[in-house]
Amino acid sequence: MTETSLIATERIERSILLIRGQKVMLDSDLAELYDVETKALIQAVKRNIDRFPSDFMFQLTNQEVIGLRSQFVTSKPGRGGRRYPPYVFTEQGVAMLSSVLKSKKAIEVNILIMRAFVKLREMIASNKDLAIKLEELEKKYDAQFKIVFDAIRQLMTPPEPKKKK
């Protein structure tokens, strides 16, 4: 893997968000990666809307947009920002984009995005496997190791993001 694709993969991983319990990517992030305008990406999708059922792509609610704005610095309404809430694409939706956007760049970016989703899935599965093994060990040994297991479980829990004042 080249250094450029490694940087792109890291950038993609940071762009994957958890919304409505699904791992998704914003239309604007995808458009930037594909090197097209967000408007052009959405137009291409709407021309092929039958390929994008609700489990592949959905539009955020105003409440979700406000939540995103509080997490990330984005443009404020009325100041040249977006007129409509953004669309987000699930892993399947991103895969379907490759059939809509047919440039060489789109194909390369799609491959990188698919690899990032797979890597994320592997990391989650690995953590589950570790939790199962820890539980088995807990059952095997008596209460004297409970403190050790509790400490390990605490280390496995991801830290809560710090809230900015």
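The preceding data block contains the structure.
All of the points below concern the structure found in this document. (Residues numbered from 1 in each chain as written. Predicted model: local features only at pLDDT ≥ 70, side-chain atom pairs only at ≥ 80, totals over all residues. Heavy atoms only, no water.)

Brief notes about the overall build of the protein chain
When you go through the protein chain residue by residue, the secondary structure sums to seven helices and four strands. By residue count, 30% of the 165 residues in the protein chain fall in the buried class. Within the protein chain, contacts between residues separated by at least 24 positions form 68% of all contacts whose residues are at least 6 apart in sequence. Carbon and sulfur atoms form 56% of the exposed surface of the protein chain, whose accessible area is close to 12200 Å². (Helix = DSSP H or I, 4+ residues; strand = E, 2+ residues; numbered from the N terminus. Buried < 20%, exposed > 50% of the residue type's maximum accessible area, 1.4 Å probe, protein only. Contact = heavy atoms within 4.5 Å. Areas by Shrake-Rupley, 256 points an atom, 1.4 Å probe, with all protein chains shown as cover.)

Topic: the sheet that holds strand β4 (residues 87–90)
Taken in spatial order, the four strands line up as β1-β2-β4-β3 in an open sheet, and their pairing is antiparallel. With one partner strand each, in any of the chains shown, β1 (17–19) and β3 (57–59) form the two edges of the open sheet. Across the sheet, the mean angle separating the axes of adjacent strands is 45° when strand polarity is ignored. Relative to strand β2 (residues 22–26), β1 runs antiparallel, the two being bridged by three bridges. Note that in β2 the partner of I19 across the bridge is Q22. (Pairing = 2+ DSSP bridges. Axes fitted to C-alpha atoms, helices over the stretch in contact; angles between N-to-C directions.)

Examining the packing of helix α2 (residues 27–34) against helix α3 (residues 38–47)
At a minimum axis separation of 8 Å, α2 and α3 run at an interaxial angle of 105°. Between α2 and α3, the crossing angle belongs to the class labelled roughly perpendicular. Every residue of α3 that contacts α2 at D27, S28, A31 and Y34 is listed here: T38, L41 and I42. Of the residues in the contact of α2 with α3, the class split is four nonpolar, two polar and one charged. (Parallel < 35°, antiparallel > 145°, perpendicular 65-115°, else oblique. Nonpolar A, V, L, I, M, F, W, Y, C, P; charged D, E, K, R; others polar.)

Here we look at the packing of aromatic side chains
The description of an aromatic ring pair uses the distance of the two centres, along with the angle that the planes make with each other. Taken as a whole and assessed by the stated rule, the structure comprises one aromatic pair. Ring centres 6.0 Å apart and planes at 80° place the aromatic pair F52 and F89 in the edge-to-face group. Residue F52 is located in the loop between α3 and β3, and its partner F89 is located in strand β4; the two are separated by 37 residues in the primary sequence. For the pair shown, F52 and F89 are each scored as buried. (Phe/Tyr/Trp six-rings, centres within 6.5 Å; stacked < 30°, edge-to-face > 60°.)

Looking at the pairing of β2
Turn length for the β1-β2 hairpin, with the two strands adjacent in sequence and antiparallel, is two residues, and the turn residue R20 shows positive phi of about 55°. Where β2 and β4 come together, three bridges link them in antiparallel fashion. By the bridge assignment, V24 is partnered in β4 with T90.

The values are spatial; any link to function lies outside them.
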